[in-house]
Amino acid sequence: MSHRGIHERRSQCWTAGSALLTALPLGLVLSATAVANEYRHAEEPIGDVEAVYSGHLTPDMAVNTYRNIDRLFPSRVIEAGDSPRELSASEASIDGLTFEVDGEQYDIYDYLALNNVTGLVVLKDGEVVYETYQRGNDRDTRWMSMSIAKSISSTLAGMAIKDGLIDGLDAQVVDYVPALKGSAYDGVSLRDILMMSSGVAWNETYTDVNSDRRDLLRAQIAQQPGGAMDVMANLERAAEPGSVNNYSTGETQILAEVIHGAIDRPLSEYLSEKLWQPWGMENDATWWLESPDGVEIGGSGISATLRDYARFGQFMLEGGVIDGESLLPDGWTEEATQPTTLSDGEALEYGYMWWTGWTAPSGEDQAYSAVGIQGQYVYVNPAHDIVIAQNAAEPKPVGKEVIDPMAFFDAVVERIEAPQTASE
């Protein structure tokens, strides 16, 4: 979709959406703002955002919603350039792929069906080994990132450090987010936030309407400037900073505020300038906002095409270097994507908002992933120069995948690297 198409549609939809948000049920707002434009999915009926996090969408409605998330909240465009990075066809193949998990035998068709996969692309040495789209999706379909956005936000933090805009990993959160001064986040560093080890109490349960995660979602629905930081400023301390890991989407919103405070402009603009355009992303993307014209939602809300998610994985695989220039601090891609250590020396199987491989083969390869609920993945295997991007529409936020995606990724890597006979 062209830059002009998204901009025209957002200018029409944001005004209507923000005006109706408090006056109508959310589902009606979404229907009212679905105006015609170049995006071929734009007029599909969609559900509401609380149904997304509750897992209360029928399969077709979930698919429609996940490829139209820019209609759920005001969003800002991440502009692509005019010279997409080519993804040519690879001579490698995964034909005949079969694998075993917990004593059960599967092939790729089982995986696509059982895990509700709507798009899958496999790169080897930056070339396309395998690519498929399901449920009406195609190369031009934008799809929700969910927590893949966390890994993108983490990467933006690294870029801001490299640019001298953030004073390193020991930078204090409150120096960049004044709204948190005097809160439990006093004394918390950027490193603590990236490791989700601030020591501040948090309940991430998506399906629990009384959880902190749903409090944060309600603040986002309210679309009031500063609402998200009001939620975070009222949390209590449960442990010393750096001592305990507790997964918290709220802390990624703090990360967005830290980055925004440092760069003093929209994160979408910074992402476009630093990565989306120079790295050759093919399509514009969109990113949810906390409030109209406000700060981006650091932990979710990016909507991009599958190939561009794969390109992001390739950027990480290649060490964050564009045209010979590193956009990240020395050693960042290794440090951010491998196990970290808590203050008591305990090893943490989590990097700087990246998940380390949790199977034996992926661990041996030092593979890592950006992971989003409902089955979103950007998997990177530096030992074999393989990137896998996956979109999915699992029926609940977590716990409903039939086949462990990491076991499937292991099988893909093994198949690509296995010697193949002429008959294959």
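These lines cover the structure that appears in this document, whether it is placed above or below.

### What about empty space enclosed by the protein?
Okay, so step 1: Summed over all chains, the structure comprises three cavities of 30 Å³ or more.
Okay, so step 2: Volume-wise, the second largest cavity comes out at about 40 Å³.
Okay, so step 3: As for the second largest cavity, its lining consists of Tyr53, Met146, Ser147, Lys150, Tyr206, Arg213, Thr249, Gly299, Ser300 and Ile373.
Okay, so step 4: Here the residues of the lining of the second largest cavity are counted per class, giving four nonpolar, four polar and two charged.

### Digging into the sheet that holds strand 6 (residues 142-144)
Okay, so step 1: In spatial order, the strands read 1-7-8-6; together these four strands make up an open sheet with antiparallel pairing. At either end of the open sheet lies a strand with only one pairing partner, and these are strand 1 (75-78) and strand 6. On average, each strand axis in the sheet is inclined to that of its neighbour by 30°, with strand direction left out of account.
Okay, so step 2: Sheet analysis places strand 1 next to strand 7 (residues 285-288), joined by four bridges and oriented antiparallel. By the bridge assignment, isoleucine 78 is partnered in strand 7 with alanine 285.

### A closer look at the layout of surface pockets
Okay, so step 1: Counted as a void, the largest pocket has a volume near 230 Å³.
Okay, so step 2: As for the largest pocket, its lining consists of 16 residues, of which Val371, Gly372, Ile373, Pro397 and Val398 are closest to the centre.
Okay, so step 3: Class assignment of the residues belonging to the lining of the largest pocket gives a composition of nine nonpolar, five polar and two charged.

### As for the packing of aromatic side chains
Okay, so step 1: Throughout the structure, instances matching the rule amount to 16 aromatic pairs.
Okay, so step 2: Taking the centre distance of 5.5 Å and the plane angle of 75° together, the rings of tyrosine 377 and phenylalanine 409 count as edge-to-face. In this pair, tyrosine 377 is assigned in strand 15 (residues 376-381) and phenylalanine 409 in helix 16 (residues 405-417), connecting sequence segments 32 residues apart.
Okay, so step 3: Residue classification places tyrosine 377 among the buried positions, given a relative accessible area of 4%.
Okay, so step 4: Judged by its relative accessible area of 0%, phenylalanine 409 falls in the buried class.

### Re the pairing of strand 2 (residues 98-101)
Okay, so step 1: Along strand 2, the buried face is formed by Phe99 and Val101; none of Thr98 and Glu100, which line the opposite face, is buried.
Okay, so step 2: Two elements, strand 2 and strand 3 (residues 104-107), share four bridges in a ladder whose sense is antiparallel. Bridge pairing in strand 3 links phenylalanine 99 to tyrosine 106.

### Here's the deal with the sheet that holds strand 4 (residues 117-124)
Okay, so step 1: A sheet is described by the order of its strands in space; here six strands give the open sequence 5-4-16-15-14-13, paired in antiparallel fashion. Unpaired on one side and paired on the other, strand 5 (127-133) and strand 13 (355-356) mark the two borders of the sheet.
Okay, so step 2: Direction of pairing for strand 15 relative to strand 16 (residues 386-392): antiparallel, over a ladder of five bridges. Across the sheet, the residue bridging to asparagine 381 is isoleucine 386, located in strand 16.

Conventions adopted
- Residues numbered from 1 in each chain as written.
- Predicted model: local features only at pLDDT ≥ 70, side-chain atom pairs only at ≥ 80, totals over all residues.
- Heavy atoms only, no water.
- 1 Å grid on protein atoms, 1.4 Å probe; cavity = no way out; pocket = protein on both sides within 12 Å on 5 of 7 lines; lining within 4 Å.
- Points joined across faces, edges and corners; volume = space filled by probe spheres on them.
- Nonpolar A, V, L, I, M, F, W, Y, C, P; charged D, E, K, R; others polar.
- Pairing = 2+ DSSP bridges.
- Helix = DSSP H or I, 4+ residues; strand = E, 2+ residues; numbered from the N terminus.
- Axes fitted to C-alpha atoms, helices over the stretch in contact; angles between N-to-C directions.
- Phe/Tyr/Trp six-rings, centres within 6.5 Å; stacked < 30°, edge-to-face > 60°.
- Buried < 20%, exposed > 50% of the residue type's maximum accessible area, 1.4 Å probe, protein only.

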